[in-house]
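# Architecture and fold: a report
One-letter residues, chain by chain:
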Amino acid sequence: MRKDKPCILRVEDVTMQFGGVVAVNNFSMEEYEGEIVAIIGPNGAGKTTAFNVITGVYAPTNGRVTFDGRKVIENFPRGKMKKGYLGENAGKYTDHLEPTPDKLTALGMARTFQNIRLWKSMTVFENVLIAKHMKRTSNLFSATFGGNRAEEKRQRDEADALIETVGLSDVRDEPATSLPYGKQRRLEIARALATDPKLLLLDEPAAGMNPQETVELTRFIGEIRDQFHVSILLIEHHMDLVMDISDRIYVLDFGSMIAHGTPVEIQANEKVIDAYLGVTDDA
Amino acid sequence: MGKTILPYIISGISVGGQYALIAIGYTMVYGILRLINFAHGDVFMVAGLMMVYMAAAMPLYIAIPLMIVLTVLLGFLIERVAYRPLRTAPRMSVMISAIGVSYLIQNLALYITGGLNKNYPSIPWISDRVHVLGLETSRVTIITPFLTLLLVVLLVLLINHTKIGMAMRAVSLNFETSQLMGIRINNVISATFIIGTFLAAVGSMLFFTNYPGVVPTSGAMPGLKAFVAAVFGGIGSIPGAVIGAFIIGVAESLIKGLDTILIVNGTITEQIGFATFSDAFTFVLLIIVLVFKPTGLFGEKTTDKV
Amino acid sequence: MKQNEKKVSWISFLLVLAFLGLVFWLDQIIKPTNKMYMLMTVLQKGSVYALAAVSMNLLNGYTGLFSLGHAGFMLIGAYTYAIFTIPSSARDTVYQYFDAAIRISFPELLSNSMGSAGTVLGVAIAVIFAGLAAAFFGYLIGLPVLRLKSDYLAIATLGFAEIIRAVFQWQKLGPITNGSNLLKNFMRTSLFKLKVGDTKLVFSTFVPVLIATLSIIVIVKLVNSTYGRAFKAIRDDEVAAEAMGINLAKHKMISFTVSSFFAGVSGAMMAMVLSIAQASNFKAAMTYEILLMVVLGGIGSTSGSVIGSFLFVAASEWWLRGLDSGKFLGIEAPGIFRNGFRLVVFSVIIMIVVLFFRKGIMGEREISDLFREKKKAKGAAR
């Protein structure tokens, strides 16, 4: 625990209901600066939904998300949901804040996707460079007529430096989708880092990787945290990876949190073992 | 007042029925392929042209069935040649192919007719003038809505109670899963095009009987309007398309006559020229629907997955 | 690497300059009575369509927004240009049935004080005005429709183009738009002549070619800028683009408005080339034709769009003429080669491209890439 550090992400009472189905039920968590926190749970436990709420893809039905000391998302059961709401804490929140994902990225959250979403017509370099677009100060006219040469050069250099750091220099000008799977993951992380995030959210970074690649990825995630001074929140199935690098773990089952604690605590938790039916590594 | 409006409403219902028959083709194809079949309106025009040429060469009792068969064949071939090869291509490519087919058909029609207006043959009985509610009109105006409803009922029965109908519903619900479940997708799609063009062929008879003639661009506007009707009713829904078509038909007809109606009524004293907007109104309606209720009156909601 | 880039842009610059010089020269030597004047017609119309296609490609090819409203924006551009360049002497003949409401002609106004330089400036202002008017309507239309996805966006933009056409034909707006009657007698290409000393210089083809060239250069610069890269990111994967901090609504709007601006400019060019502007010409069919030019050249390639447009215009106006007039490639068959056959052959060719050569002529490549590829191949061989 690094509770001496400021809180980077606080999720309070988040409930996500689709029609009559409660996908995430009253989920709360917090993450402190510099931590690596994992959300785990069996298939269909609501991990990805929770992730999508935090990154602004879905507006929660109820609850609040505070990022870097700032309230960024808040909602309460409204409209049709007012009557049909099945969750708790219905009267607790009164504000309606529903930013699009790009607003959250601008504040310092960046994510990767479970089913890698690279820009497929572009090279490795371009994929990283475009993520720098958000940081531009040029407007449409200066950018078109070359009034932003210095900025353009700086962004290109930064992108190159980043590619160097993550070890993709040898494939810099290759089409992004021609890379082997492991490198595509690495590129997606590099692209997210290009937005200079404070919090990096990784959606099943080891999905589809072989053990060798997973080991490399584990080391890579650790390096990133130290080198870029980011906090990391990840969803993962690979228990090896999670237990290896996480400072703390939250366990979801059927949309509700059933446990949280350090890897050691989680490994010993009866409820967690039950939820996984003794399967601790379903890779 | 009522006397002024009534003819517009009656002709509106009739036009609505004709749009409905075209709209079903759009809505069924969209429901299954997620494709706006831009060529559908042109197939409708071709049905009209074929009738013009065949009625001159043979008796009507042969010409009409033959025209319907040939139109259906055309619809079937368009799907085989222009859409099937692009089944795995991005949606934009298929839409472009549809626009290309529409361009080809119109140019072909232009070449064959020399761009001249071709007079539509008068079909006995349905072209006759009749008196209804104190108005004189052609019989086709009166029978169109009834015939449309009859055909729609038959179609709904087909979709709900036959094997091919069940397959169609399954495919429109989920293309990939249906394929995995052993439904022969290509047969279902062909059947959809056959039904759609059949109705368009029938619709063309009703439509052109009331108009002076057929030109190569005759199909474009009715086609677009029928598509709007399909969107308005909720694309993929047959009752939706039919109701949408009737609403558009009546509204369009009323707008055409709005100047006259308002002058008789005493609201205005000179022509305002509302008739200019009889076509544009359809699109205003389309945009309002798309912006406020993109799924239309009866459409189902879909969500994107991340 | 960097050196190479610079070289490519220098070569491109010199080529463009040489091309403009060539057109200027042709303008002086080929008179309308010349047999080769067909070439000038193709250059004029070709540049109109090239700009229209390139601006559509910015939207459909680079940003992935399938819009079919181009004819509407071109109409706005054509009318704006025409209305603001009708000289006062011709105004009453043009607005036969109405009392003209707009009584300004930029070229006339400026030529009073500045002579022929004023005429040139006036035309330029009218063209920019045409673009701005189209961009303004593009912005307004973009507000509701850009939230729509793929085919719904296509049909909504198509609908707006139809609405624009109806509005411009409305008799009540006659004092401005001349109702359903056409606009004529404004500044057209046949009037683009200057007397310098004793020599009379002709700019009839040079002006449209120049406007198209400058506009296309701006679009290319935009596409290669950080904004252009963001557009491509949206096209490739909207969800990822948004997650990387690209504001979708804003960038789609930029692309849509810029595309409308240049569609308006190409509309103005169309008016000056055809010497008339009439709303009923700007039908959905025009949008389809432009789309097919884009497809012919390769969706997502600017040089492709330019090549596609010129091929389209040259083939339909010139090379395939014989198909319409009885004799083609030496074969005489007046029964088959009669009016309209050219367009049939042409649409068959287009269908073949759409079905079997889906990438078009250029795919997503540019002409400048061809230089680069050669360099690369050479380097590899070494």
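Here we come to the overall build of chain C. Check the secondary structure of chain C and you find 16 helices and four strands. Its C-alpha radius of gyration of 22 Å places chain C within 12% of the 21 Å reference for a compact globule of 382 residues. Considering chain C as a whole, with its 382 residues, one finds that 50% of them fall into the buried category. Pairs at least 24 apart in sequence give 75% of the contacts found in chain C among residues at least 6 apart.

A word on the overall build of chain A. Regarding its fold elements, chain A presents 11 helices and 10 strands. Computed over the C-alpha atoms, the radius of gyration of chain A is 20 Å, within 12% of the 19 Å expected from 2.2 N^0.38 for a compact globule of 283 residues. Buried positions account for 45% of the 283 residues belonging to chain A. Sequence separation of 24 or more characterises 70% of the internal contacts of chain A that already satisfy a separation of 6 or more.

This part takes up helix 4 (residues 91-113) of chain B. An α-helix turns once every 3.6 residues. As a result, residues three or four positions apart point the same way. Its 23 residues place the ends of helix 4 of chain B 33 Å apart at the C-alpha level, agreeing with the 33 Å of an ideal helix rising 1.5 Å per residue. Of all the 23 residues making up helix 4 of chain B, 17 are buried; the element is thus mostly covered by neighbouring parts of the structure.

A separate point is the interface of chain C and chain A. At the junction of the two partners, chain C supplies 22 residues and chain A supplies 28 residues. Secondary structure elements with two or more residues in the side of chain C that touches chain A: helix 9 (206-224), helix 10 (226-236) and helix 11 (238-243) of chain C. Element by element, the count of residues in the side of chain C that touches chain A is highest for helix 10 of chain C, at seven residues. Residue classes in the side of chain C that touches chain A are distributed as 11 nonpolar, four polar and seven charged.

Moving on, we get to the confidence of the model for chain C. Of all residues in chain C, 95% attain a pLDDT of 70 or more, and the chain-wide mean is 87. For this predicted complex, the interface score ipTM comes out at 0.89, alongside a pTM of 0.91.

Turning to unusual backbone geometry, a few remarks are in order. Positive phi is not limited to glycine here, since N26 of chain A has a value of about 50°. By the secondary structure assignment, N26 of chain A is in strand 2 (residues 21-32). One non-glycine residue with positive phi stands out, namely S275 of chain C, at about 65°. Of the residues examined, S275 of chain C has 17 C-beta atoms within 10 Å and is grouped as partly exposed.

Turning to the nonpolar core, a few remarks are in order. The biggest cluster of nonpolar side chains holds 279 residues, and the ones touching the most others in it are A23 and L286 of chain B. In terms of residue count, the dominant contributor to this core is helix 2 (residues 37-62) of chain C (14 residues). Both domains that meet at this core, namely domain 1 (1-108 + 197-283) and domain 2 (117-196) of chain A, each give it at least three residues. In contact with L286 of chain B, other than residues within four places in its own chain, are V228, V231 and F232 of chain B together with I155, A156 and G159 of chain C.

All right, on to the interface of chain C and chain B then. One frequently used descriptor of interface size is the decrease in accessible area upon assembly of the parts. Each side of the interface is counted separately: chain C has 36 residues, and chain B has 37 residues. Of all the elements in the fold, those that place two or more residues in the side of chain C that touches chain B are helix 7 (150-169), helix 13 (284-297) and helix 15 (341-356) of chain C. If you tally residues by element for the side of chain C that touches chain B, the top one is helix 7 of chain C, at 12 residues. Residue composition of the side of chain C that touches chain B, grouped by class: 25 nonpolar, seven polar and four charged.

Residue and element names in this part refer to chain A. Segmenting chain A into domains produces domain 1 (1-108 + 197-283) and domain 2 (117-196). Computed from C-alpha coordinates alone, the two centres of domain 1 and domain 2 are separated by 27 Å. If you look at the interface, domain 1 gives 13 residues, while domain 2 gives 10 residues. If you list the elements that add at least two residues to the side of domain 1 that touches domain 2, you get helix 3 (101-107) and helix 8 (211-228).

Residues and elements named next belong to chain B. Direction vectors running N to C along helix 5 (residues 139-161) and helix 6 (residues 163-173) enclose 80°, while the axes themselves pass 5 Å from each other. If you check the angle between helix 5 and helix 6, you find them roughly perpendicular. Here L158, I159, N160 and H161 of helix 5 lie close against helix 6, whose contacting residues are G165, M168 and R169. A breakdown of the residues in the contact of helix 5 with helix 6 according to their chemical character gives three nonpolar, three polar and one charged.

Residues and elements named next belong to chain A. The sheet built from four strands is open, its strands ordered 2-1-4-5 with antiparallel pairing. What marks the edges here is a single partner per strand, and that holds for strand 2 and strand 5 (70-75). Shown here is a sheet whose adjacent strand axes are inclined to one another by a mean of 15°, direction ignored. In terms of strand pairing, strand 1 (residues 7-18) meets strand 4 (residues 62-67) through five bridges, oriented antiparallel. Paired with E12 across the bridge in strand 4 is R64.

What follows is about the packing of helix 2 of chain C against helix 14 (residues 302-319) of chain C. Residues and elements named next belong to chain C. Running from amino to carboxyl end, helix 2 crosses helix 14 at an angle of 140°, the nearest separation of the two axes being 8 Å. The orientation of helix 2 with respect to helix 14, classified from their angle, is oblique. Every pair of crossing elements has a handedness; the one defined by helix 2 and helix 14 is right-handed. Within the contact between the two elements, helix 2 uses M38, T41, V42, K45, G46, Y49, A50, A53, V54 and N57 and helix 14 uses T302, S305, V306, G308, S309, F310, F312, V313, A314, E317 and W318. Among the residues forming the contact of helix 2 with helix 14, the class breakdown is 12 nonpolar, seven polar and two charged.

This brings us to the pairing of strand 8 (residues 231-235) of chain A. Consecutive residues of a regular strand have side chains that alternate between opposite faces of the sheet. Residues and elements named next belong to chain A. Within strand 8, five of the five residues are buried, which leaves the element mostly enclosed by the surrounding structure. Relative to strand 8, strand 3 (residues 36-40) runs parallel, the two being bridged by four bridges. Residue V37 lies in a different strand from strand 8, and its bridge partner there is L233. Both strand 7 (residues 199-203) and strand 8 contribute to a ladder of five bridges, which runs parallel.

It is worth spelling out the environment of L199 of chain A at this point. Residue and element names in this part refer to chain A. Among the structural elements, L199 can be located in strand 7. Its 24 C-beta neighbours within 10 Å are what place L199 among the buried residues. Separated by 59 residues in sequence, L199 and L140 have C-alpha atoms that sit 29 Å apart. With near-sequence residues (within four places) excluded, L199 lies in contact with I8, L9, G108, M109, V230, S231 and L233.

All names here are of chain A. The strand order across the open sheet formed by six strands is 6-7-8-3-9-10, and the pairing between neighbours is mixed. Each edge of the sheet is formed by a strand with only one pairing partner; in this case those strands are strand 6 (109-111) and strand 10 (256-261). For this sheet the average axis-to-axis angle between neighbouring strands, irrespective of direction, equals 20°. Sheet topology note: the strand 9 (residues 248-253)/strand 10 ladder contains five bridges and is antiparallel. Directly across from V251, in strand 10, lies its bridge partner A259.

Residue and element names in this part refer to chain A. Burial within strand 9 is extensive, with five of its six residues counted as buried. Sheet topology note: the strand 3/strand 9 ladder contains four bridges and is parallel. Pairing of V37 across the sheet is with R248, part of strand 9. Between the antiparallel neighbours strand 9 and strand 10 lie two residues, among them F254 with a positive phi of about 50°.

Next up on the list: the environment of S14 of chain B. Residue and element names in this part refer to chain B. Here S14 is to be found in helix 1 (residues 2-33). Judged by C-beta crowding, with 26 C-beta atoms within 10 Å, S14 ranks as buried. Distance in space between the C-alpha atoms of S14 and G41 is 18 Å, their sequence separation being 27 residues. Those residues within four positions of S14 in sequence are excluded, and the remaining contacts are T141, T144 and P145.

So, on to the environment of H131 of chain B. You can see H131 of chain B is positioned in strand 2 (residues 129-132). When the C-alpha atoms of H131 of chain B and A275 of chain B are compared, they prove to be 26 Å apart, with 144 residues separating the residues in sequence.

A few words now on the confidence of the model for chain A. Predicted confidence across chain A gives a mean pLDDT of 89, with 96% of residues reaching 70 or more. Mean pLDDT across the elements of chain A ranges from a minimum in helix 11 (residues 270-275) of chain A, with 81, to a maximum in helix 4 (residues 124-130) of chain A, with 95.

Analysis parameters
The residue count restarts for each chain, going from 1 along the sequence in the order it is written. Chain letters and ligand numbers both follow the written order, the letters beginning at A and the numbers at 1. Per-residue local features are limited, in this predicted model, to residues with pLDDT of at least 70; the limit for side-chain atom pairs, both in listing and counting, is 80 or more; totals at the level of whole chains, interfaces and linings are taken over all residues. Only DSSP runs of H or I reaching four residues or more are called helices, and only runs of E reaching two or more are called strands; each is numbered from the N terminus. The globule rule is 2.2 Å times the number of residues to the power 0.38, and the radius of gyration it is compared with is taken over C-alpha atoms. The burial label depends on the number of other C-beta atoms within 10 Å of a residue's C-beta. Counts of 20 or more mean buried, 12 or fewer mean exposed, and intermediate counts mean partly exposed, with C-beta atoms placed from the backbone. By the convention adopted here, residues are in contact when the distance between their C-beta atoms, placed from the backbone, does not exceed 7 Å. A helix's residues, less one, multiplied by 1.5 Å, set its expected span. When residues are sorted by character, Ala, Val, Leu, Ile, Met, Phe, Trp, Tyr, Cys and Pro go into the nonpolar class, Asp, Glu, Lys and Arg into the charged class, and all the rest, Gly among them, into the polar class. Here pLDDT means the predictor's own confidence in every residue, given as a number from 0 to 100. One nonpolar core equals one set of buried Ala, Val, Leu, Ile, Met, Phe, Trp, Tyr and Cys residues connected by C-beta atoms within 7 Å. Domain delimitation in this document rests on an assignment produced automatically or drawn from a domain database. Lines fitted to C-alpha atoms define the axes, with helix axes restricted to the stretch in contact, and inter-axis angles between N-to-C directions lie between 0 and 180 degrees. If an angle is under 35 degrees, it is roughly parallel; if it is over 145, roughly antiparallel; if it lies from 65 to 115, roughly perpendicular; otherwise it is oblique. One requirement defines pairing of two strands: DSSP has to find at least two bridges between them. If you view the pair so one helix is near and one far, a crossing is left-handed when the near helix is turned anticlockwise from the far one by less than a right angle, and right-handed when it is turned clockwise.

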